[in-house]
Structures are given as C-alpha cells and as structure tokens.
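Coordinate analysis (summary)
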Amino acid sequence: MSTTSRLPGIVTTDHVFRVPLDHQRPEGERIAVYAREVVAAGREHEDLPWLLFLQGGPGGKAGRPHGREGWLARALDGYRVLLLDQRGTGRSTPAGRQTLARRGDARRQADYLAHFRADSIVRDAELIRRLLLGEEGRWSLLGQSFGGFCALTYLSLAPHGLREAFVTGGLAGLRTSADDVYRAAYPRVAEKNAAHYRRYPQDAETVRRIAAHLTLRPAELPDGGLLTVQAFQALGLLLGGGGGSHSLHYLLEEAWVEGADGPELSDTFLAGVQAQVSFATGPLYAVLHESIYGQRSVDPGGTGWAAERVRKEFPEFDAAQALASDAPVLFTGEMIYPWMFETDPALRPLNETAQLLAERTDWPDLYDLGRLAANEVPVFAAVYHDDMYVDTADSLATARAVGNVRTWVTNEWEHDGLRVSGGAVLDRLIRMARGEL
C-alpha cells in the first residue's frame, strides 16, 4: 500500500515493486525495489511527464528530499520525478554484511551480487516503467555519475522506454577496461593533489606527519576500523567534489591534540576520517565497484583488483617512498583496494565474496555499440572538464560514438555539479533539450 507524505513544496508517494533477482529467470526468486515518487505540491493530479533519477554509485541510494530544493526543484517545474533506490540500496532489499550472511557462503553471496549491476538495474526500471506508465509510455531519465553509466546501458537494452536522457558526469568509456580506467585516473588524482597543496601548502607537512605516525602505529577508528597509511590516503576521494579540498583541509587542521603522553590524533579527526572511509552505509560501492567496468569483450580475464595492480605503475602514490624523500604524500581517489576488506568492519565479512567477484570472468557486456551508434533518443550530457572520477577523454569519445548526443563541457563545476549547483546544471541540460540553447 502506497504512503503519501507532504513536505515543503512537494508531495511524495512510496512505491515498492517485486522484481526478479535474475531477469533471465522471471519465475525465480524476487527482491524488493523501492522508489519515491515526487511531484510539486498542487500538481499531484496533473498528467505530467515522468523523470526517472538514477543516483551515482554503484551502491548509492537515491537522495532523501526535505522539500523543493536543488536540482529536484528544477525538475519539478515540468516533471513527476521517480527517485529509485537501485537494487541492494536504501529501502530496496538491502545487500550488506548482515543480509548477505543469510545467503550462505562467499560463493553464493558473489553469485547473488552478480545480479546487481547496471543491466539488472535497467531491467528493474523497465518493469517499473510498464507498471506505472503502461507498455507504450516513455519516460525521461536523469543519470548522475554511475547513473549515467546506467543510462548508456538503458539505451543499449531498452531505448524504446526513453523519450530523452540527461547525463551529468556519467558518460562511461564504452570499451575501456578497468586497467585503462585507473591508468587514466591516477594522473588526474595526482593533479588534484597538486592543486590542493597549492591551495593549502601548510597541509603538506601535516599530511607527512600523520602518515609517519600511522606508519609506526596505525590508529583505531571509533567503529573498530583500522586507520593505516593507505586508509588515510583514501581521503583523497574528497578531492573530486566541489569544496572537497576545503573539507579535507579543515579535517587535517584538527588532526592533533596534546594528550596525557604527548601529541596524539584527536577524536574529532578520527571520527571525521571514519565518516569518509567507512563503507557501512554503502557497502556495494566497495564490493561492486570494479565490476561496473567488467565486460567479457573488454576484460576477458576479469577486473582482478585493477586499481591495486595499476597503482604500482605510479610510485608517487607510495607513502613510504614519499616519506623517505622530500616528496608530498599523495592521497588516492575513487579506487577500491583489497586491503579495505581487512581494515573496514563493514567489509571484513565480505572479503572472500569481493575476491570472488574480482576473479569473475563472465561479466556480460553492458553496452551495445551498434545500437548506441544508431541511437535516436535525444541525450544531453554535462561533461566536467576537470572531472577526477570519470575521464573526460572517455566521455567525449563516447559522445562521438553514440548517436543523437549533445554535450556541454564545463569547468564551472566538479563531478558533483548536479548536487551543488542549485539546479543550474540540470537547467542548462533541459534548456538544451528544449532548443533554448
């Protein structure tokens, strides 16, 4: 039974759908997928076009609106919005250490999670579309980051369900291997580090001091996690978002306090670090991260911890080597490493499961190059010139390879421009779609 709520300027309605775990076996096990319908207050009975929103990730639930705000406010000017909790996230049947334990051993868990990639998410969306709009109904799609990857899969599998697509920071490389992704990513992350140290030169010595301390004595985080030097370097994920460099600096400037036995890392700092490096609220981000690049025709041997393997090609990210010289200690970025499944309590029980997924070699291809080349669905994409997470060259190559794509390349926003621009990014794309730009 649907529940309707009224918030400032909006009306929301809860929907829960039962979908096949494996869409190739519709008679088999079913899981729940949750979605929140949002419409502008006073327009709930109007026949508005639908806009499906797919969040970044993988493993990211849709945002929880407090009212008519941000990009949602702009979307509600002309759409009825469906915020989808992609399978395994939020109020959809959750997948994490607690629930996966019920499925049995690591092999069963890995086989289960193999059904949680973009192809399954798109097939969920298609089932939902038919239920809400009917067989002939079409909706618009807004894909942020990984949600944009899903948009390309949607155009490959079921373009007939879409009337238009908006993509923000999410035009994936269609035939880019996991190794290629990280080989291009490490230099971008190094540039973000350099920009941060130019902005806050005092942080270079603070970071070296923390890294040297953790080399001798890794710290325990409030949740029991272990803060090693590598885990500390993972704070670089912040550097890809608007304001992330400032957030990192403010975290670092409260790193030390004078304890009973001398200087020690402060509780404030350790709690702040935990908030950034723990995967307790989004374990699928870590467990499935490299699988979003896995395609039989591109990675026939599996992804195999590509970020860890490729890192060896970039010794400047070796903290020990930096500490032994005058080089700055560099933070890493959107990389998932096998050691995370040893240091993070939310991931430890999934260590073997993650290993099996990394070794998996039978990932189906996610993109149909022929169908994409002949695409007729209008696609409007924001490509961020300085995107740390998604390679700009890959995005532009994809835009050239996919039919009917218009891009807006900008350095005004970082990867999270949809969230932080107050609706400006989406407004630009909608105006492009309406022929106003």
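Overview of the structure. (Residues numbered from 1 in each chain as written. Predicted model: local features only at pLDDT ≥ 70, side-chain atom pairs only at ≥ 80, totals over all residues. Heavy atoms only, no water.)

1. Examining the pairing of strand β3 (residues 30-40)
- The buried count for β3 comes to ten of eleven residues, which makes it a mostly enclosed element.
- Relative to β3, strand β2 (residues 10-20) runs antiparallel, the two being bridged by eleven bridges. Considered in β3, the bridge of Asp14 is made with Arg36.
- With four bridges connecting them, β3 and strand β5 (residues 80-84) associate as antiparallel partners. The residue of β5 that forms the bridge with Ala35 is Leu84. (Buried < 20%, exposed > 50% of the residue type's maximum accessible area, 1.4 Å probe, protein only. Helix = DSSP H or I, 4+ residues; strand = E, 2+ residues; numbered from the N terminus. Pairing = 2+ DSSP bridges.)

2. Here we look at unusual backbone geometry
- The linkage connecting Gly57 with the following residue, Pro58, adopts the cis geometry, with an omega of 10°.
- Residue placement: Pro58 occurs in the loop between β4 (50-54) and α1 (70-75).
- For Ser145, which is not a glycine, the phi torsion comes out positive at approximately 55°.
- Of note, Ser145 is situated in the loop between β6 (139-144) and α5 (146-157).
- At Trp305, a position not held by glycine, the phi torsion is positive, near 60°.
- Within the secondary structure, Trp305 sits in the loop between α11 (283-287) and α12 (306-311).
- Residue classification places Trp305 among the buried positions, given a relative accessible area of 12%.

3. Quick word on the environment of Thr153
- Relative to the helices and strands, Thr153 resides in helix α5.
- Thr153 sits in the buried class, given a relative accessible area of 0%.
- Sequence separation between Thr153 and Ile121 is 32 residues, and the spatial gap between their C-alpha atoms is 9.3 Å.
- Those residues within four positions of Thr153 in sequence are excluded, and the remaining contacts are Ala118, Asp119, Val122, Leu366 and Tyr367.
- At a separation of 3.3 Å, a polar atom in the side chain of Thr153 contacts the main-chain carbonyl oxygen of Leu366. (Contact = heavy atoms within 4.5 Å. Polar contact = N/O pair within 3.5 Å; in protein donor to acceptor, adjacent residues only side chain to side chain.)

4. A short note on the nonpolar core
- Judged by nonpolar contacts, the single largest core of 116 residues is most densely connected at Leu113, Leu227, Phe232 and Phe269.
- Not counting residues up to four positions away in its chain, the partners in contact with Leu113 are Ala95, Leu100, Leu284, Val287, Leu288, Thr353 and Leu357. (Core = buried A, V, L, I, M, F, W, Y, C linked by side-chain atoms within 4.5 Å.)

5. Some points on the packing of helix α4 (residues 118-133) against α5
- Between α4 and α5, the shortest axis-to-axis distance is 9 Å and the interhelical angle comes to 70°. Overall, the two elements α4 and α5 adopt an arrangement that is roughly perpendicular. In the crossing of α4 with α5, the sense of the turn from one axis to the other is right-handed. From α4, Ala118, Asp119, Ile121, Val122, Arg123, Ala125, Glu126 and Arg129 reach across to α5, where they touch Phe146, Cys150, Thr153, Tyr154 and Leu157. (Axes fitted to C-alpha atoms, helices over the stretch in contact; angles between N-to-C directions. Parallel < 35°, antiparallel > 145°, perpendicular 65-115°, else oblique. Left-handed = near helix turned anticlockwise from the far one by under 90°.)

6. A look at the pattern of salt bridges
- Tallied over the entire structure, the rule returns 28 salt bridges.
- Between Arg434 and Glu164 there is a salt bridge, with its nearest N and O atoms 3.1 Å apart. Note that Arg434 is positioned in the segment after α19 (424-433) and Glu164 in strand β7 (residues 162-168), a separation of 270 residues in sequence.
- A salt bridge links Arg175 to Asp365; the shortest N-O distance between them is 3.4 Å. Linking Arg175 in the loop between β7 and α6 (178-199) with Asp365 in the loop between α15 (351-359) and α16 (369-373), this pair joins segments that are 190 residues apart in sequence.
- On the basis of relative accessible area, Arg175 is assigned to the partly exposed category, the value being 35%.
- The network of salt bridges with common partners includes Arg68, Arg74, Asp77, Asp427, Arg431 and Glu436. (Salt bridge = Lys/Arg side-chain N within 4 Å of Asp/Glu carboxyl O.)

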